[in-house]
Amino acid sequence: MYEDFARVYDEFMTTIPYTQWADYAETLWKHYKIGYEKDQKEKPSLVLDLACGTGSLTVELAKRGYDMIGADSSMDMLNCARDKMASEGVLDKILLLEQDMREFELYGTVESILCTCDSLNYLLEEEDLLKVFRLAENYLDPGGLFLFDMNTEYKYKQLLGDRTFADTTDDAAFIWQNYYYDDDRINEYQLTLFEKVGDLYRRTREDHLQKAYDPEQVTDLLQKAGLKTEGVLDAFTLEPARPDSERITFAARETYNKEKFYG
């Protein structure tokens, strides 16, 4: 996924507010707190950034003092992330793992897991969402927080579906066509990239699918995975999600199963 686009991803994603994402994560950690009772604290020390892509959020949080793990299934994206880590001087603060989010493995538990920028919408089956949620529950510390966002059906139908977007830089251009299939609740992205190579442009195409889920579907799956839903929020706020929310942020807590830790 994003194999060819990885090379120029950051050039075209300059509008993604990674600083705002980091601010929002810190707001949610402070609001919901990590852990239980007297052991609660307002921020984690070790965080997993699941589906981290080119690592912009991972690096931003590392610069703020967090020890980070970045996991992504695309080695092309991770190579970009590693270059970014080096240029920002945070190589010692981040561990990168090439792993599919449905099968990720860690060496131990973490205090919080993030999965941002609608990465979970790429999972087209409830069974795959449940796999991720169960793994999150397994690798979270007692009372740890899983924070993730998802695009909504409202966004796909009203803002993206059957629309075309385009952008250019000095060395590249892309055309992004969207088609929303109401019966399956699937949004198809057809991404055509033109990348300058010498005096010519190389054309590549990638097709991506994302699925819209009802918030109730998501919270039911979180419960099945043993996670407690703490918040279903209109993204970047502490307000409840609305019917016209374009993006919803979920906050879920590990519910501390003693058998998990002590057998």
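Note that the coordinates shown come from a computational prediction; the quantities given were computed from them, not determined experimentally.

So, how was this worked out
Residues numbered from 1 in each chain as written. Predicted model: local features only at pLDDT ≥ 70, side-chain atom pairs only at ≥ 80, totals over all residues. Heavy atoms only, no water. Helix = DSSP H or I, 4+ residues; strand = E, 2+ residues; numbered from the N terminus. Buried < 20%, exposed > 50% of the residue type's maximum accessible area, 1.4 Å probe, protein only. Polar contact = N/O pair within 3.5 Å; in protein donor to acceptor, adjacent residues only side chain to side chain. Salt bridge = Lys/Arg side-chain N within 4 Å of Asp/Glu carboxyl O. Arc of directions from axis to C-beta. Contact = heavy atoms within 4.5 Å.

A.B. asks: Can you help me understand the side chain of Ser56 in this one?
C.D. replies: If you trace the backbone, Ser56 turns up in helix α3 (residues 56–63). What makes Ser56 buried here is its relative accessible area of 14%. In this structure the side chain of Ser56 is engaged in a polar contact, spanning 2.7 Å, whose partner is the side chain of Lys84.

A.B. asks: Is there a simple way to explain the pattern of salt bridges in this structure?
C.D. replies: Opposite charge on two side chains makes pairing possible when the charged atoms of those side chains draw close. Tallying each qualifying case throughout the model produces 19 salt bridges. For the salt bridge of Arg64 with Glu26, the shortest nitrogen-to-oxygen distance reads 2.8 Å. Residue Arg64 is found in the loop between α3 and β2 (67–72), and its partner Glu26 is found in helix α2 (residues 18–32); the two are separated by 38 residues along the sequence. A salt bridge links Arg185 to Glu153; the nearest nitrogen and oxygen atoms lie 3.0 Å apart. With Arg185 in the loop between β7 (172–181) and β8 (186–197) and Glu153 in helix α6 (residues 153–160), the pair connects residues that are 32 residues apart, well separated along the chain. A residue is classified by how much of its surface remains accessible, and Arg185, at 16% relative accessible area, is buried.

A.B. asks: How should helix α7 (residues 215–224) be read in this particular structure?
C.D. replies: Count 3.6 residues to each turn of an α-helix, and residues three or four apart come out pointing the same way. Every buried residue of α7 is accounted for by Val218, Leu221 and Leu222. The buried residues of α7 occupy an angular sector of 105 degrees when projected down its axis, which confines them to one face. In α7, the exposed positions angled more than 90 degrees off the buried face are occupied by Glu216, Gln223 and Lys224. Where the residues of α7 are buried, they touch α5 (126–139), β5 (140–151), β10 (227–234) and β11 (247–254).

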